[in-house]
Amino acid sequence: MRIGLFFFLIALAALGLAAFRAGGSAERVWGHRGVLDGDFVRPRAATILGDKLYIVDFTARIQCYTLDGDYAGVTFTTPDFRNGRPSGLGTAPDGNLLVADSHYHALRVYSPDGMELKVFGGTSGREAGQFGYLSDCVQDDDGNFFLSEFGENDRITKLDKEGKFVTCWGRNGTGDGEFQRVRALAFGPDGLLYVADACNHRVQVFEKSGAFVRVLGGPGTEPGRFAYPYDLAFDPDGFLYVVERGNARVQKLARDGTPLASWGSPGRAPGHLADPWAIAIDRLGRIHIIDTENHRVQRVKF
């Protein structure tokens, strides 16, 4: 009796792990490699603005799509991309598009049709108003901008709505409040700032002042652990999703880091991922995964 119960519990645990790890089929898979409108060459960042999905790829094109993957007729680039292309896209509360012009040390604000409206920064350096490699930007409801950097500066900088320097925090390292390659930022429904600290294989959480709150994850393949988390976002119900470049999956977590589900595994077929860099979540809770080395987008709902 005890032996039978033991094997039953082992099978039940295995079934639970399989359910957590299962990828399964995507609701929709679209995109292929190419340089024409609607094509991709290694898409690397995405954001949703209203009912449109904006994606930037390694050709530096920022393209606009419907949420079903149909090209929406908008393609534009930053003024110069000979040194490199943007690596972060965000949505401003006023309905404009935030572009982290990474190699040009600038935050650019665009209208939905691609008209440049504002530019902050543009000079490399460590001083206030100067930036290193800009990886991402988010804006809070008060209009403050939060920008992440790595390389020359491993830090987060806060600007007011006019682009004036407020504060910054962080340095290279592995301790609380230290960073190794911040790749993405997201505000949670609790008003806290969640930070994908990629090479430390974790998510750090801060108040808007920069005060450290907690760490989620750590290196590993187990549920709730990460391998190079490259992007993160919240769904309408307040759950956190983290895309891992190293583990080729997306995890769903509670805000305290409790793992709830996972989707994806390495590969080329639908339901598999190759070097995923980014995610964007729409108002229906559907996760649009930027499947970078497969030159496509996969849409799933956990």
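Being a predicted model, the structure only gives us computed values, none of them experimental. (Residues numbered from 1 in each chain as written. Predicted model: local features only at pLDDT ≥ 70, side-chain atom pairs only at ≥ 80, totals over all residues. Heavy atoms only, no water.)

Q: How would you sum up the overall build of the protein chain? Please name residues and give values.
A: Of regular secondary structure, the protein chain possesses one helix and 24 strands. Relative to a compact globule of 302 residues, whose C-alpha radius of gyration would be 19 Å, the protein chain shows 19 Å and is just as compact. Taken along the three principal axes of its C-alpha coordinates, the protein chain extends 70 × 45 × 30 Å. For the protein chain, the centre of its 34 positive side-chain charges and the centre of its 37 negative side-chain charges are spaced 4 Å apart. (Helix = DSSP H or I, 4+ residues; strand = E, 2+ residues; numbered from the N terminus. Rg over C-alpha atoms; globule rule 2.2 N^0.38 Å. Lys, Arg positive; Asp, Glu negative; His and termini not counted. Charge placed at Lys NZ, Arg CZ, Asp CG, Glu CD.)

Q: So what about the layout of surface pockets? Which residues, and what values?
A: Put simply, the largest pocket is a space of about 970 Å³. Only strand S2 (45-49), strand S6 (88-91), strand S10 (133-139), strand S14 (182-187), strand S18 (229-234) and strand S22 (278-281) provide two or more residues apiece to the lining of the largest pocket. Partitioning the lining of the largest pocket into residue classes produces 24 nonpolar, nine polar and 11 charged. In this structure, the second largest pocket occupies an estimated 180 Å³ of space. Lining the second largest pocket are Ala92, Pro93, Asp94, Asn96, Val109, Leu117, Lys118, Gln139, Gly143, Phe145, Lys161 and Glu162. Classifying every residue of the lining of the second largest pocket gives five nonpolar, three polar and four charged. (1 Å grid on protein atoms, 1.4 Å probe; cavity = no way out; pocket = protein on both sides within 12 Å on 5 of 7 lines; lining within 4 Å. Points joined across faces, edges and corners; volume = space filled by probe spheres on them. Nonpolar A, V, L, I, M, F, W, Y, C, P; charged D, E, K, R; others polar.)

Q: Give me the nonpolar core: which residues, what numbers.
A: By size, the foremost hydrophobic cluster in this structure holds 14 residues, and its most contacted members are Tyr194, Val203, Leu216, Leu232, Leu240 and Val242. With 13 residues, the next largest nonpolar core counts Ala248, Ile287, Ile289 and Val300 among its residues. (Core = buried A, V, L, I, M, F, W, Y, C linked by side-chain atoms within 4.5 Å. Buried < 20%, exposed > 50% of the residue type's maximum accessible area, 1.4 Å probe, protein only.)

Q: Now, about the confidence of the model for the protein chain: what can you tell me, with residues and values included?
A: On average, residues of the protein chain score 92 in pLDDT, and 92% of them reach the 70 mark or higher. Low pLDDT (under 50) marks residues 1-19, which in the prediction has one contact with non-local residues, meaning those over four places away or in another chain. (pLDDT = per-residue confidence, 0-100. Contact = heavy atoms within 4.5 Å.)

Q: Talk me through the sheet that holds strand S11 (residues 145-150); I want residue IDs and the actual numbers.
A: With antiparallel pairing, four strands are arranged side by side in an open sheet as S10-S11-S12-S13. The two strands at the open ends of the sheet, each matched to only one other strand, are S10 and strand S13 (165-169). Adjacent strand axes in the sheet meet at a mean angle of 20° when their direction is disregarded. (Pairing = 2+ DSSP bridges. Axes fitted to C-alpha atoms, helices over the stretch in contact; angles between N-to-C directions.)

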